[in-house]
Every structure is written in structure tokens, then in C-alpha cells.
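Working through the structure, step by step
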Amino acid sequence: NEEWLSEPREVEDLPLPHDFLWGTATAAYQIEGGASQDNKGKSIWDTFSHLEPSRTNGANGDVACDHYNRVAEDVDLMASYGVDTYRFSISWSRVIPFGGRDDTVNEDGVLFYNKLVDLLLSRKIIPIVTLYHWDAPQELYDRYGAFLNTSEFRADFERFARLCFSRFGDRVTKWVTFNEPYIISIFGHHSGVLAPGHNAASGHDTRTEPWRVGHTIIVSHAAAVHIYATEFQPTQNGSITIVLNGHFYEPWDANSIEHQAGAQRRLEFYIGWFADPIFLGTDYPAEMRARLGSRLPEFSPDEMALLRNTASTNAYYGMNHYSTKFARALPDPPVEDDCTGNVEELATNNKGKMVGPVSGMAWLRVAPDGFRKLLNWVWNRYHLPIVITENGCPCPGESNMSLEQAINDDFRVGYFGLYLDAISRAIYEDGVPVHGYCAWSLMDNFEWSAGYSARYGITHVDYDTLLRTPKKSALYLKRTFNERRKKHE
Ligand code: BG6
């Protein structure tokens, strides 16, 4: 008996540009397995999932989808879906087991990514490579707290980035530095639900840690962009950027100026935090400076110059987006370690309405209108083309379904259809340049906190046999991209 903000639309299969790229996305720790194969070093996720397995629903990525040993099969699979591109991440501790700038390179690890890249190119699939999707080498964390030490982390990340550009950059031309700095900062160093699990209960200073972590990521990103632009881009002709995630926020009370401002502030605390310094080359959003005071680090003159110099090198805005929430401005003063701009996130508005139907994740509701609004918000603020680097959902009840039920994933087909329609509207009705779309995910995988209990794949994975079976959504995406791109003519 739920009431929704607006009734779900029917999928219209609206047109997309003829050169619109589509593909799928994954991340190393979520699919590779081979946790200690061929001299791979440990990452903070190996530690996090083993130390207290309750934090990952009892699961870990030791085997995951065993992609490390099935890479050829997986490339065949995506080729059969007709993808143009594939976004994956490199496990830092697989190529530099101890992570540091003076540590030895693991040639077996390099070989694995060389093989993956070559297989992709042999099938005409363009690799989009993320350097960091949450799996910092454990050694760097043990030595200096990883992100908590800006100068040490930056120097080690520069070495790692340079290694990847020099070993793979002759064939990889699309680079992403970090995946979702918000999640690394807040979920890793405030709520502590993700690695390394820092929160107030474990004795960490949640007033300052997330902002220090965010600062390290912004500066390390800009440093890697500078290295790419000056040392590699002139001969490799590739592009580089960062991937930011974010919900769209509707005001809790649509008629109240206060809650409208709250929704805007929430977007700035979530997205502007990273996007303003990185894409505009400016300081953190003014609202953040005003509200966080000395909790928010200052950019040094050198850091500011680096940001200004690199801002326009970022090729596009990499957007991970899943859902929309309501933002309610809080009447009371903020809590001591507030990281929201004193705004509460809610699933319902003041009239008890939800944004749309719920998926297999309680936080993820189907809200394509919110997606379209977010595309507009980002375009209006940053004036950069946008690539959707992740979007998708698990179906309700999917984790308890038989194979036959799970592969008939009509709910996911509907979600993709509506979100692609929203992109079409953003492009043709609003003038927002969206250039590509990666579905999350190529296959069911290790979903961090949820372990194997949440399935986002367009391919079903049987975790006993590791057998892959395409779901209906994979076939839908193949067909709809072909049709939508023809309609454009
Ligand atoms: C994104 C991540 O935040 O969302 C992915 O980049 C992740 O790695 C996906 O799998 C789904 O998130 P969750 O929290 O539902 O597992």
C-alpha cells in the first residue's frame, strides 16, 4: 500500500545517440578471488572481511567469482552481450604486494591485467580502468594509516599510477583514479561499515578523519592526473577522470524553502565536496567551509595550484548512481561529528510518500526522475560531459531464488529501461551530454557488506559451481542499445 512520489512510468525505449557507449562494470575485490595466488599481497578488504566476518554477512572475496582464473570465459561472456566497453579495477596489492613506492612489482599480477586488456581488445571492447576501487594494500594501512597520511599516500599512489600508465597505457586509454571517494571517506572512516572500519566506537575521531581522507583522495587524484597529462598523455592520447557517486535528494517538504536548501546542501556535502575542487579547481563548497570550520583541511598553495592546473584535464564526470532519497533539514544544532550538513536522509517525505518501488536493497528504490534531475544538477554545476560508470539494482528477493527465477529478472529489466529513458530525456529534452553507460554489474559478485546475499549481476553466478548464466537483463541491454541507437537517426 505504499504511495510513491509519482507513479512508475512504462519503459519507452527512447532513443540514444548513435555513438553512445555501453558496457558493464566490476571491481577487483568483488570478482577476482585468487586472494593469495601468484604472490598477491593483502589488501584492507582481505583483512576486514576475515577479522570480523559479521561485517560482510559472513563472506569474503577469497574466491568471489574466481574471475582471476576465468578471465577468458568472462571476456567471451561480455563479448556475447555486444558491449562496447568494460570498466574494471586493478588490485593494487596484486601488482605491488606491499603497495609502497620502494616495493617490488609483482610481474605475475601485471601479466594478469595484460592478459585481460589484450583479451578485451581482441574482442573490440574498450577497457575503462579504475586504479582504486577500495582495496588499499594492507601494508600501507599498517605503516601510516593509508589515506590518513596525505603526503605518504600520495607518493605511493603516484608510483602505483605511474606503473599502471607505463605498463598498460599503450593499450588502455581510459583511466579512472578513484571509485567513490565519498564511500571511502564516510563508510570507511565515519560509520565504519566498510574497510578499514573506522568509527567512533572503535576509538577514531570521526569529527576529522573523513575530511582528511577526502582531502588525501582529492590531492592524490590531481597528482595522478598531472602525471598522466605531462608524462603519458602526449604519446598515449588517453583520458583520465574520477568516478563520484551520489543519490539525488528531493526536499522532504517540497514547499519549504528550508528543506529545499537542505536538499541542495546535502548534494554539496556529498558531491560538491569532491567535484568542486576536482572539476572546478576551487575550494570546498562554501557551505562546507562555513559549517565544518577547522574540521575541514585547508588546501596548501601548492595543492590549490595543482587542482587549478589539472581541473580541465578531467575528461568527463564519471557518475555512479542508483537511487533518490528525501533530505530533511534538521531544526536542532548538528551533532559533533555531523557529516551531512545537518540534513537527515529519509525514505519517505512529509506526506509519507516513497520515491518509487523498492529493489532487493532496502536503500535502493526505482526513481528515474531523480536520476534525470541529478544529471541536470551535475551538468549545470560542472559543464562536463557525463558517463554513467555504474547503475543497476538487485531484484526483490533475488538472493533466495532458484536459477530459473533469478534469470527471469524482469524487475531489473524495468529498472534499466526506465533509467535509460531518463538518460534519453536528459540528452534530448534537457541538453545534458551523456556519452556512455556501464551497467552494474557484469555478474553477481561479493557485495561488500551484503556479501553474496545481494545480486546485482546481469549474469547469474552459482557460488557452488561458479557457473555463469546470462539473465534476461543482459539480453535486454544488448537489444535495447541496438534499437535505441538506431532510433536516433
Ligand atoms: C557502488 C560500488 O557503490 O555500489 C560498487 O562502486 C557496489 O562496488 C555497488 O557493488 C552496490 O553497492 P552495495 O552497497 O549495495 O553493495
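Rules behind the numbers
Residues numbered from 1 in each chain as written. Predicted model: local features only at pLDDT ≥ 70, side-chain atom pairs only at ≥ 80, totals over all residues. Core = buried A, V, L, I, M, F, W, Y, C linked by C-beta atoms within 7 Å. Buried ≥ 20, exposed ≤ 12 C-beta atoms within 10 Å, placed from the backbone. Contact = placed C-beta atoms within 7 Å. Pairing = 2+ DSSP bridges. Helix = DSSP H or I, 4+ residues; strand = E, 2+ residues; numbered from the N terminus. Axes fitted to C-alpha atoms, helices over the stretch in contact; angles between N-to-C directions. pLDDT = per-residue confidence, 0-100. Left-handed = near helix turned anticlockwise from the far one by under 90°. Nonpolar A, V, L, I, M, F, W, Y, C, P; charged D, E, K, R; others polar. Parallel < 35°, antiparallel > 145°, perpendicular 65-115°, else oblique.

**Here's the deal with the nonpolar core**
Ranked by internal contacts, the top residues of the largest apolar core, which has 142 residues, are Ile386, Ile423 and Leu477. In this view, Ile386 contacts Tyr316, Tyr317, Met319, Leu375, Val378, Trp379, Val432, Pro433 and Val434; residues no more than four positions away in its chain are not counted.

**Considering the sheet that holds strand 8 (residues 324-329)**
Ordered in space as 6-8-9, the 3 strands form an open sheet in which the pairing is mixed. Both outer strands of the open sheet, strand 6 (248-251) and strand 9 (343-346), are each paired with one neighbouring strand and no more. Taken pair by pair, the neighbouring strands of this sheet meet at an average axis angle of 40°, ignoring direction. Across 4 bridges, the pairing between strand 6 and strand 8 is parallel. Residue Glu250 lies in a different strand from strand 8, and its bridge partner there is Phe326. Contacting strand 6, strand 8 and strand 9, helix 10 (residues 257-280) crosses the sheet at an angle of about 120° to strand 8.

**Details of the pairing of strand 7 (residues 317-320)**
Regular strands show a simple pattern: their side chains alternate between the two faces of the sheet. Burial along strand 7 is two-sided: the face carrying Tyr317 and Met319 and the face carrying Gly318 and Asn320 are both buried. Pairing analysis gives 3 bridges linking strand 5 (residues 239-245) to strand 7, with the strands arranged parallel. Residue pairing in the sheet places Asn245 in a bridge with Asn320 of strand 7. Strand direction decides the pairing type here: strand 7 and strand 10 (residues 386-390), joined by 4 bridges, are parallel. Note on strand 10: the bridge partner recorded for Gly318 is Val387.

**Digging into the confidence of the model for the chain**
In this model, the chain carries an average pLDDT of 98, and 100% of its residues clear a pLDDT of 70 or more. Interface confidence for the predicted complex, given as ipTM, is 0.90, next to a pTM of 0.98.

**Quick word on the sheet that holds strand 4 (residues 174-179)**
Picture the strands of a sheet paired through backbone hydrogen bonds; they go either parallel or antiparallel. Judged by pairing direction, the barrel is parallel, and its 8 strands sit side by side in the order 1-2-3-4-5-7-10-11 before closing back on the first. On average, each strand axis in the sheet is inclined to that of its neighbour by 25°, with strand direction left out of account. By the bridge criterion, 4 bridges tie strand 4 to strand 5 in an arrangement that is parallel. What sits directly across from Val176, in strand 5, is Thr241.

**Examining the packing of helix 7 (residues 150-168) against helix 9 (residues 209-236)**
A packed helix pair is summarised by two numbers, namely the angle formed by the two axes and the spacing between the axes. At their nearest, the axes of helix 7 and helix 9 sit 9 Å apart, and the two run at 35° to each other. Every pair of crossing elements has a handedness; the one defined by helix 7 and helix 9 is right-handed. Contact with helix 7, carried on its side by Thr150, Phe153, Arg154, Phe157, Glu158, Ala161, Arg162 and Phe165, involves His215, Thr216, Val219, Ser220, Ala223, Ala224, Ile227, Tyr228 and Phe232 of helix 9 and no other residues of that element. The class makeup of the residues in the contact of helix 7 with helix 9 is 10 nonpolar, 4 polar and 3 charged.

**Structural notes on unusual backbone geometry**
Across the junction of Ala195 and Pro196, the peptide omega takes the value 5°, indicating a cis bond. In this structure, Ser441 follows Trp440 across a cis peptide bond, with omega equal to 10°. Looking at the secondary structure, you find Ser441 in the loop between strand 11 (434-440) and strand 12 (459-461). Positive phi, normally seen in glycine, also occurs at Asp38, with a value near 50°. Mapped onto the secondary structure, Asp38 falls in the loop between helix 1 (28-31) and helix 2 (44-51). Even without glycine at this site, Trp448 takes up a positive phi of about 50°. One can find Trp448 in the loop between strand 11 and strand 12. Overall, Trp448 belongs to the buried group, with 24 C-beta atoms counted inside 10 Å.

**A look at the packing of helix 3 (residues 71-80) against helix 5 (residues 107-122)**
Contact pair helix 3 / helix 5: the axes reach a minimum separation of 10 Å and the direction vectors enclose 30°. If you check the angle between helix 3 and helix 5, you find them roughly parallel. Here the hand of the crossing between helix 3 and helix 5 comes out right-handed. Counted together, Val71, Ala72 and Val75 of helix 3 and Lys115, Leu116, Leu119 and Leu120 of helix 5 form the full contact between these two elements.

**A closer look at the pairing of strand 1 (residues 21-25)**
Here strand 1 lies mainly inside the structure; 4 of its 5 residues are buried. Across 3 bridges, the pairing between strand 1 and strand 2 (residues 85-89) is parallel. Each bridged residue has a counterpart across the sheet, and for Gly23 the counterpart in strand 2 is Thr85.

**Observations concerning helix 8 (residues 181-189)**
Within helix 8, 8 of the 9 residues are buried, which leaves it mostly tucked inside the rest of the structure. Among the residues of helix 8, those classed as buried are Pro181, Tyr182, Ile184, Ser185, Ile186, Phe187, Gly188 and His189. Elements that come into contact with the buried residues of helix 8 comprise strand 4, helix 9, strand 5 and helix 10.

**Thoughts on the environment of Tyr456**
Looking at the element boundaries, Tyr456 is found in the loop between strand 11 and strand 12. Between the alpha carbons of Tyr456 and Glu398 there is a distance of 9.2 Å; along the sequence they are 58 residues apart. Not counting the four nearest positions on each side in its chain, Tyr456 is found in contact with Gly392, Cys393, Pro394, Trp440, Ser441, Asp444 and Glu447.

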